Amino acid sequence: MKRLTVILSILMALSILMGACAAPTATEEVAVVTEEAAAPTAEEEVEPTEAPPDAAAVAAALPRNETLYFNGQQWGAVVGWNPYSTSMNNAMTIAQQDNARVLMFETPYAYNMLDGQMYPLLADGPFAWNDARTEITFKLKEAAKWSDGTQLTAEDVAYTWTANVKYGTNVGNNNVDYIEDIVAVDPQTVVVKAKLDEEGNAVNPLIVVAYLSSNYVIQKAWTETLEARVGGDATELMADPAEDVVYSGPYHKFFADDSKVVLVRDDNYWGQDASMWGKLPVPKYLTHTIFKDNAAGTTALKAGEVDVSQQFNSNVQDLWLVDGLPISTYLPDAPYGIGASLPTAYYNLKAHGLDQVAVRKAIAMAVDYPTIIANAMTNQSATFDQVPRSLMNPTPGEQALYDQAVVADLQFAGNDVEGAKALLDAAGIVDTDDDGIREYEGQKLSYIATCPNGWSDWQAAIEVVAAAGADIGIEITSNYPEWSVYQTVVTASDQPLPDGYDILMMWSDGAGPTQPWSRIRHLLSSEYVGMAGNWNGNWGQYSNPDVDALIQAIPTETDPDKLKEIYTELVRLYLTDVPSFTLMYRPQSFHTVNESVWTNFPHADDGTDPPVPPLDLMDGWSVAGLYNLTLVNP
Amino acid sequence: LKGYTKYFGTKFIWFVITFICAFILNFILPRLMPGDPVAAIVARFAQGATNATGVQAIYQRYTELFGTNRPMIEQFFIYVRNVFQGDFGYSIAQYPRTVADVLKSSIWWTMCLQFPAIIVGWMIGNTLGVLAAYLRKGFDRVLMPISIFLSNLPAFGMAVILLVVFAVGLKWFPTSGGYGYDMIPNFSWSFIWSVIVHYQLPFWSIVLINIGGQAIGMRSMSIYELNADYVKYARFLGIKDWKIIGYVFRNAMLPQVTGLALSIGTMITGALVAEIIFSYPGLGTTILSAVLGGDYPLISATTLILSLMVLVATFLIEILYGFIDPRIKAAQSD
């Protein structure tokens, strides 16, 4: 009894101690984060036209029925809100890309990856080329306004371009070779002048068009304020966090810390005008919870704490088939989403033996793609039987651009070990010393396949590639350097790839207004060979003048039949030379939704016209989905 | 006291020498890693750029900014000068965030999670260890296997078990985050309560792991002490049990105090596993991604703080020992 008393008293003392330890901790944390909570209040000062609720007014919690929760876009804390910079790590609001993210900043047009059309956003009606196809003219909507209430004019569009070029931003650098100038003809009319070649034709009309749906219009007055603040220094300009930025989109910053980013609707948003959406987007708040890995994101999705998930959820169908949760994907069955990009294994074409088509094709033929798709992608990719390999993504629009019958003989859908062996034997690449590994010119065929460490789906795919080598007498081992090392090596296309990078995995373009041309260019064009910081493509350093000429011809070609001929020929050359091979199809964005609070998300055949693409209600035309949402329990 | 001055003087000189070595290594080691961190920034600017000269210009702009184009020795002196002005520069991976800003936003979460967890784990573990050694029999037979099990369970295993049982299964606690997914930090009871609730699983995942190891160590030390003559003598004198436990605890805990000091010194590196499993804010994942991304300024700053904390902790322990360890006291008075 005495001992028991001793134990009990000690345990009691400990529990009191623990209580004392835990409570001050919590209070200290509150003190820390309360400082950060002051940020939204500061921001209100630059928004004289509206009085959005601040953190204190919302009390402790965001109303669930007014908040749409996201995950999978934002990793790590937001750095700032500067649309000129690519270093803001602000996934919810800054993404100038094929399907530009238009929640806070807006583009003249919004691209729809489902029908390949560009729909007017800031622009009023369709754009028009002049007869010589050297200039595009478009009008801006009268209703378009900035968040400070001022009119959005052609002068803003023109000055955005001027600033992008002047300060060498990503947008400026990427377009300066194709766009000569953007000028304001009158307050509502913009002319985009293409850069011309020696014959007076636009260098690349495709990129000129894509500019209209890929790049934001930024307010001239605010840009001038920013320029004055940084004294015209380019580095400073792009490092400025721009907490005072003026925007035209329906949402803006409400709160951001290491745990989440919250955007709040601008109830004065110009887009509620009848000339655009005719109403405001439904959710008042858009909250992106910042998780540290996919597992935590999946757990939150299951718990109903995430409504829209842009992350790879392994075996996504189990969420509704096994767990019985109100969770769904864009398509009800595999591949669950629309494949848009082509994660690809590139051969180092200078490695011994890999300069031989037979070796390259044999490896590609022997790879067990169904296993990659079943394991690495848990069937969230179409198979190569369903969508035969080409340079096109699986969308119907791109598939229609080439003649599948012409290249049918060149196709391979994987697991063809006998075919691969026969191909090698026929090329005289055989095992001469009976060690189980074939030799070419007396040297063993031994390679290292690689991708960045921790990219688990890619690593799973690389393991399958390595296994294929063993089946056909080619030694392939895997190696996974850290991304920081990998990217430095792979993008140094001004020198040959070093040992250890014989078969390497990288991405390809998704869906967009310049596709599939841009993807083909990035996969095959020799213009990147010799480039020191090659963030474009063709990392295996393939070079074929015929391919280059075809790639060059596409942007200026307007005859659909001729285009189909060119695309088919490119696919034929690609499947003949096999400089790289696609391992799977991957969606532009993962788009898994939990319908316990919100419903009416974009799904295949949901009756929307134009169809709303499954891009998480924020990219390009998919933002239209925010206007269709309804509450499950209003 | 004269003897003590010499003792502390020697310890202090070693402290300074170790600090200088650590300072130099903190600077050099990250920079010996393969890979070019500036390339990561350039990647963000150069994505899709076909203009080779444009990309090269961007690269030069940022190597200039971070000084990675200068000789290492020159970089070192710039670093020394900046550090002594309290400027750790920009984080490369999170540019244009400064290192100070990155640390400031997550260091409190780490400290508030780690410090109480280490202290509580240490106290419970040591108390249980003493009790096991003293009470033996049933208590020891139950406690020892549990302690061995706990101390050998990998940290992620414990975190996942707690997550699955108490958050996913029983739904007693939230699955992730430092506060409610639907909350904005503010000074209200509901928010404070949310922080406390979210704190529990990460906290206990660290405490439980700590308890096992501490209990085993303390039990062995205590058994050794219990056989000492002074304990037998105390028993003969009829001194109360709890008082004897008190003596044993004080004598057996000397090595445990050293361990505690080192744990507190290294707590800044964060509870990586708890942070990842529970998506809890903190420095652990920040440091991990800094190391993986070759973010020199951030690595150097965190390792510098780490070195300093460990050095200060061990220095303080040395001083404390000087006073409480009779053997040192005796040696100094010789």
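Residues numbered from 1 in each chain as written. Chains lettered and ligands numbered in written order. Predicted model: local features only at pLDDT ≥ 70, side-chain atom pairs only at ≥ 80, totals over all residues. Heavy atoms only, no water.

1. Considering the pattern of salt bridges
Think of it this way: side chains of opposite charge can pair up when their charged atoms draw near.
Stage number 1. This structure, assessed with the given rule, holds 24 salt bridges over all chains.
Stage number 2. A salt bridge links D619(A) to R101(A), with the nearest nitrogen and oxygen atoms 2.5 Å apart. Linking D619(A) in the loop between strand 23 (598-599) and strand 24 (630-631) with R101(A) in the loop between strand 1 (67-71) and strand 2 (109-112), this pair joins segments that are 518 residues apart in sequence.
Stage number 3. With a relative accessible area of 2%, D619(A) lands in the buried category.
Stage number 4. Take R101(A): its relative accessible area is 7%, and that puts it in the buried class.
Stage number 5. For R97(B), the salt bridge identified is with D101(B), shortest N-O distance 3.0 Å.
Stage number 6. Here R97(B) falls in the buried class, since its relative accessible area comes to 8%. (Salt bridge = Lys/Arg side-chain N within 4 Å of Asp/Glu carboxyl O. Helix = DSSP H or I, 4+ residues; strand = E, 2+ residues; numbered from the N terminus. Buried < 20%, exposed > 50% of the residue type's maximum accessible area, 1.4 Å probe, protein only.)

2. Quick look at the interface of chain A and chain B
Stage number 1. Of the residues lining the interface, 71 residues belong to chain A; the matching set on chain B comes to 69 residues.
Stage number 2. At the boundary of chain A with chain B, the tally comes to one salt bridge.
Stage number 3. At the junction of chain A and chain B, the tally comes to 12 residue pairs in polar contact (both at pLDDT 80 or more).
Stage number 4. When residues of the side of chain A that touches chain B are traced back to their parent elements, those giving at least two are helix 1 (2-44), helix 3 (170-175), helix 6 (234-239), strand 8 (251-256), strand 9 (260-265), helix 7 (294-302) and helix 14 (483-490) of chain A.
Stage number 5. With 18 residues, helix 1 of chain A is the largest single contributor of residues to the side of chain A that touches chain B.
Stage number 6. Residue classes in the side of chain A that touches chain B are distributed as 39 nonpolar, 17 polar and 15 charged. (Contact = heavy atoms within 4.5 Å. Polar contact = N/O pair within 3.5 Å; in protein donor to acceptor, adjacent residues only side chain to side chain. Nonpolar A, V, L, I, M, F, W, Y, C, P; charged D, E, K, R; others polar.)

3. Some thoughts on the environment of I223(B)
Residue and element names in this part refer to chain B.
Stage number 1. On the secondary structure map, I223 appears in helix 8 (residues 189-226).
Stage number 2. Distance in space between the C-alpha atoms of I223 and G169 is 40 Å, their sequence separation being 54 residues.
Stage number 3. When residues no more than four places from it in sequence are discounted, the contact partners of I223 are A133 and R136.

4. Topic: empty space enclosed by the protein
Residues and elements named next belong to chain A.
Stage number 1. In this structure the tally under the stated criterion is five cavities of 30 Å³ or more.
Stage number 2. As a volume, the largest cavity reaches approximately 130 Å³.
Stage number 3. As for the largest cavity, its lining consists of 17 residues, of which Y336, G337, P587, S589 and H591 are closest to the centre.
Stage number 4. Of the residues in the lining of the largest cavity, the class split is 10 nonpolar, seven polar and no charged. (1 Å grid on protein atoms, 1.4 Å probe; cavity = no way out; pocket = protein on both sides within 12 Å on 5 of 7 lines; lining within 4 Å. Points joined across faces, edges and corners; volume = space filled by probe spheres on them.)

5. A word on the pairing of strand 10 (residues 285-289) of chain A
Residue and element names in this part refer to chain A.
Stage number 1. Along strand 10, five of the five residues are buried, which leaves the element largely enclosed by surrounding structure.
Stage number 2. Neither face of strand 10 is exposed, since Y285, T287 and T289 on one face and L286 and H288 on the opposite face are all buried.
Stage number 3. Relative to strand 10, strand 1 runs parallel, the two being bridged by four bridges. Each residue of the ladder has a partner; that of L68, found in strand 10, is L286.
Stage number 4. Of the strand pairs in this sheet, strand 9 and strand 10 are connected by five bridges, and their pairing is antiparallel. Considered in strand 10, the bridge of V262 is made with T287. (Pairing = 2+ DSSP bridges.)

6. Some thoughts on the pairing of strand 18 (residues 475-479) of chain A
Stage number 1. The pairing of strand 17 (residues 446-450) of chain A with strand 18 of chain A spans five bridges and is parallel. Bridge assignment links A449(A) to a residue of strand 18 of chain A, and that residue is S478(A).

7. Some remarks on a nonpolar patch on the surface
Stage number 1. On the surface, a nonpolar cluster with roughly 650 Å² of combined accessible area is contributed by F156(B), V160(B), I161(B), V164(B), V165(B), L170(B) and W172(B).
Stage number 2. Within the element layout of this structure, F156(B) appears in helix 7 (residues 155-169). (Patch = residues over 30% accessible without salt bridge, like charges linked within 9 Å, V, L, I, M, F, W, Y side chains within 5 Å. Areas by Shrake-Rupley, 256 points an atom, 1.4 Å probe, with all protein chains shown as cover.)

8. Focus on the layout of surface pockets
Residues and elements named next belong to chain A.
Stage number 1. Here the second largest pocket is characterised by a volume of approximately 900 Å³.
Stage number 2. Elements with a minimum of two residues in the lining of the second largest pocket: strand 3 (117-120), strand 4 (123-129), helix 4 (205-214), helix 11 (396-399) and helix 17 (560-577).
Stage number 3. No other element matches helix 17, which puts four residues into the lining of the second largest pocket.

9. Notes on the confidence of the model for chain B
One rule of thumb: low pLDDT means the predicted coordinates there are not for detailed reading.
Stage number 1. Overall, the predicted model of chain B reaches an average pLDDT of 85, with 94% of residues at or above 70.
Stage number 2. Here helix 15 (residues 326-333) of chain B stands out as the element of chain B with the lowest mean pLDDT, 67, in contrast to helix 7 of chain B, whose mean of 91 is the highest. (pLDDT = per-residue confidence, 0-100.)

10. Digging into unusual backbone geometry
Residue and element names in this part refer to chain A.
Stage number 1. Between A334 and the following residue, P335, the backbone shows a cis peptide bond with an omega angle of 10°.
Stage number 2. Summarising the element assignment, P335 is placed in the loop between strand 12 (327-329) and strand 13 (339-341).
Stage number 3. One non-glycine residue, N89, lies in positive phi territory at about 40°.
Stage number 4. When you line up the elements, N89 lands in the loop between strand 1 and strand 2.
Stage number 5. Located in the positive-phi region is N538, a residue other than glycine, with phi close to 45°.
Stage number 6. Along the chain, N538 falls in the loop between helix 15 (517-524) and helix 16 (545-553).

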